[in-house]
Amino acid sequence: MRTKREQLFTKLIRKCGAFLLIMAMVLSMAACGSEKSGTTEAAQGTATTEKRADDVTIRIGSLKGPTSMGLVNLRKAVESGDADAGYKGKYTFTMETQADVIAASIVSGDLDIALVPANLAAVLYKKTEGKVKVLSINTMGVLECVTGDANIKSVKDLAGKTVYSTGQGTTPEYALRFLLEQYDVKDCTIEFKSEATEIASLLKEDATKIAVLPQPFATVAQVQNEAVKRAFTLYDAWSELNVDSQLVTGLTIVRSEFLEQHPAAVKTFMQDAAKSVEAAKNDTEKTAELIAEYGIIEKAPIAKKALPECNLVSTSGEEMKKTVSGYLKTLFDQDPKSVGGALPAEDFYYLGE
């Protein structure tokens with residue numbers, strides 16, 4: 001028989017065992033609860049991240065001209081809260097008259113997406129070491145030579161003349177200089193002005209002056225002075241050359257960091273922008289009213305007349321890459337500094353992967 005001391009010891013062991021078993025069960029349940037809680041929190045975190053991606057407001061910058069004209073339907077729908085228009089993203093809009101202001105805002109991070117001259121996009125890619133990407137082409141060949149001088153009918157006729165233009169250091173300058181070189185015009189003087197409206201005013205006073213203006217300002221100049229006519233388009237003059245490229249006027253770019261953080265929002269913008277461009281083409285009367293409302297052109301009738309000449313597009317993917325790379329190669333061969341000193345690498349082109 002066990003002694004009384006042995007019996008007490010046995011009871012103590014049993015109690016300790018039961019206590020340890022209960023503690024193990026409690027700890028096991030707690031671990032399961034924590035594991036489930038962790039899973040829920042992770043799922044909630046993912047959901048929150050996705051929600052933020054959907055809800056992000058994209059800051060868009062564009063120039064006063066064709067690129068902004070393509071966005072006016074989108075801008076109006078967003079700013080008026082018109083959910084029935086069918087646009088899905090959230091945006092704020094900034095419009096400037098000079099490309100360097102837009103460029104500075106992209107570099108500083110104050111804008112997420114910008115619509116800029118084609119060559120400037122390449123320059124920014126180089127300066128920021130790849131921190132911008134091109135999403136799409138937004139305008140093709142909107143530059144025109146306008147004048148009241150009936151002797152000006154082609155690029156060759158600019159020999160010995162002074163031509164007024166905007167866009168020093170961007171597409172208008174490099175496109176014009178390229179054409180002058182290709183057509184062997186060596187004695188044409190280019191005088192730059194900061195705004196297209198300033199040049200339109202010069203032509204209003206003296207129709208014999210010669211200018212290269214983008215649409216819609218080329219139309220504005222002709223309306224303000226009926227003696228001013230279109231002499232030729234730079235797009236046509238470019239196309240007549242035996243070069244493997246087209247004249248691209250404007251590109252839509254995005255900060256690479258923003259694209260990485262919000263790819264869904266960027267894709268939504270591309271869809272919304274394409275929808276807005278189609279609306280501009282299909283409903284010129286409504287779009288013209290919005291162009292006047294946003295101060296791009298003073299009067300809607302002039303905007304309506306200019307819209308068909310603005311060559312608004314929304315070209316992305318492989319077609320965009322082929323067209324843009326060909327254009328930039330042409331500029332590079334003429335003057336490497338026009339594209340920042342070197343052609344952009346493959347990662348410059350966002351193909352929608």
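Residues numbered from 1 in each chain as written. Predicted model: local features only at pLDDT ≥ 70, side-chain atom pairs only at ≥ 80, totals over all residues. Heavy atoms only, no water.

**Student:** Can you help me understand the overall build of the protein chain in this one?
**Tutor:** From N to C terminus, the protein chain includes 13 helices and 11 strands. Evaluated residue by residue, the protein chain yields a buried proportion of 48% over its 353 residues. Long-range pairs, those at least 24 residues apart, make up 79% of the contacts in the protein chain between residues at least 6 apart in sequence. Carbon and sulfur atoms make up 50% of the accessible area of the protein chain, which totals about 18,100 Å². (Helix = DSSP H or I, 4+ residues; strand = E, 2+ residues; numbered from the N terminus. Buried < 20%, exposed > 50% of the residue type's maximum accessible area, 1.4 Å probe, protein only. Contact = heavy atoms within 4.5 Å. Areas by Shrake-Rupley, 256 points an atom, 1.4 Å probe, with all protein chains shown as cover.)

**Student:** Hey, could you run me through the side chain of Thr 252 in this one?
**Tutor:** Relative to the assigned elements, Thr 252 resides in strand E10 (residues 248-255). A relative accessible area of 4% means that Thr 252 is categorised as buried.

**Student:** Is there a simple way to think about the sheet that holds strand E6 (residues 162-165) in this case?
**Tutor:** In a beta sheet, neighbouring strands are held together by backbone hydrogen bonds and run either parallel or antiparallel to one another. One open sheet holds the 5 strands; their spatial order is E7-E6-E8-E5-E9, and the pairing between them is mixed. Only two strands of the sheet have a single partner each, and these edge strands are strand E7 (189-192) and strand E9 (229-233). Sheet twist, expressed as the average angle between the axes of neighbouring strands with direction ignored, equals 30 degrees. In this fold helix H6 (residues 196-205) packs onto strand E5 (143-147), E6 and strand E8 (210-214), with an angle of close to 145 degrees to the strand it touches most, E8. (Pairing = 2+ DSSP bridges. Axes fitted to C-alpha atoms, helices over the stretch in contact; angles between N-to-C directions.)

**Student:** Looking at this structure, I do not really get the nonpolar core. What am I missing?
**Tutor:** Where a protein is soluble and globular, its nonpolar side chains tend to be buried together. Within the largest apolar cluster, 57 residues are counted, with the highest numbers of intra-cluster contacts made by Leu 158, Leu 179, Phe 232 and Leu 234. Looking at this core element by element, the count peaks at 7 residues for helix H4 (residues 118-127). Val 72, Val 146, Ala 200 and Ala 221 belong to the second-largest nonpolar core, a separate cluster that totals 31 residues. (Core = buried A, V, L, I, M, F, W, Y, C linked by side-chain atoms within 4.5 Å.)

**Student:** What is the right way to read the confidence of the model for the protein chain from this model?
**Tutor:** Detailed reading of predicted coordinates is not advised where the pLDDT is low. Overall, the predicted model of the protein chain reaches an average pLDDT of 87, with 84% of residues at or above 70. The least confident element of the protein chain is helix H1 (residues 4-55), whose mean pLDDT is 41; the most confident is E6, at 98. Low confidence marks residues 1-53, where pLDDT is under 50. Its contacts with residues over four positions away, or in another chain, come to 4 contacts. (pLDDT = per-residue confidence, 0-100.)

**Student:** I keep staring at H4 and nothing clicks. Help me out?
**Tutor:** In terms of residue burial, H4 counts as a mostly covered element, since 8 of its 10 residues are buried. Of all the residues in H4, the buried ones are Ala 118, Asn 119, Leu 120, Ala 121, Ala 122, Val 123, Leu 124 and Tyr 125. Buried residues belonging to H4 abut helix H3 (99-108), strand E3 (113-117), strand E4 (132-140), helix H5 (171-182), E10 and helix H13 (317-334). Glu 129 lies just past H4 and shows a positive phi near 55 degrees.

**Student:** Explain empty space enclosed by the protein here, please?
**Tutor:** Rolled over the atoms, a probe sized like a water molecule indicates the empty space that remains. Under the definition given, this model contains 1 cavity of 30 Å³ or more. Estimated volume of the largest cavity: approximately 60 Å³. Every residue along the wall of the largest cavity is listed here: Ile 60, Ser 62, Ser 68, Leu 71, Val 72, Arg 75, Phe 93, Thr 94, Met 95 and Ile 296. At the level of elements, strand E1 (57-63), helix H2 (66-80) and strand E2 (90-96) are the ones that each hand at least two residues to the lining of the largest cavity. Sorting elements by how many residues they give to the lining of the largest cavity places H2 first, with 4 residues. Among the residues making up the lining of the largest cavity, the classes are represented as 6 nonpolar, 3 polar and 1 charged. (1 Å grid on protein atoms, 1.4 Å probe; cavity = no way out; pocket = protein on both sides within 12 Å on 5 of 7 lines; lining within 4 Å. Points joined across faces, edges and corners; volume = space filled by probe spheres on them. Nonpolar A, V, L, I, M, F, W, Y, C, P; charged D, E, K, R; others polar.)

**Student:** Whenever I open this one, the side chain of Thr 233 confuses me. Can you help?
**Tutor:** Along the chain, Thr 233 falls in strand E9. A distance of 3.0 Å separates the side chain of Thr 233 from the side chain of Asp 236, its partner in a polar contact. Here Thr 233 is in contact with Leu 143 and Glu 144, once residues within four sequence places are set aside. (Polar contact = N/O pair within 3.5 Å; in protein donor to acceptor, adjacent residues only side chain to side chain.)

**Student:** Help me understand the sheet that holds E10, please; the structure alone is not making it clear to me.
**Tutor:** Here 6 strands make up an open sheet; going across it, the order is E2-E1-E3-E10-E4-E11 and the pairing mixed. The open sheet is flanked by E2 and strand E11 (312-315), the only strands paired with a single partner. Looking at each pair of strands side by side, their axes are set apart by 25 degrees on average, direction ignored. H2 rests against E1, E2, E3, E4 and E11 of the sheet, and its axis sits at about 140 degrees to E2. Packed onto the sheet, H3 meets E1, E2, E3, E4 and E10 and runs at close to 145 degrees relative to E3.

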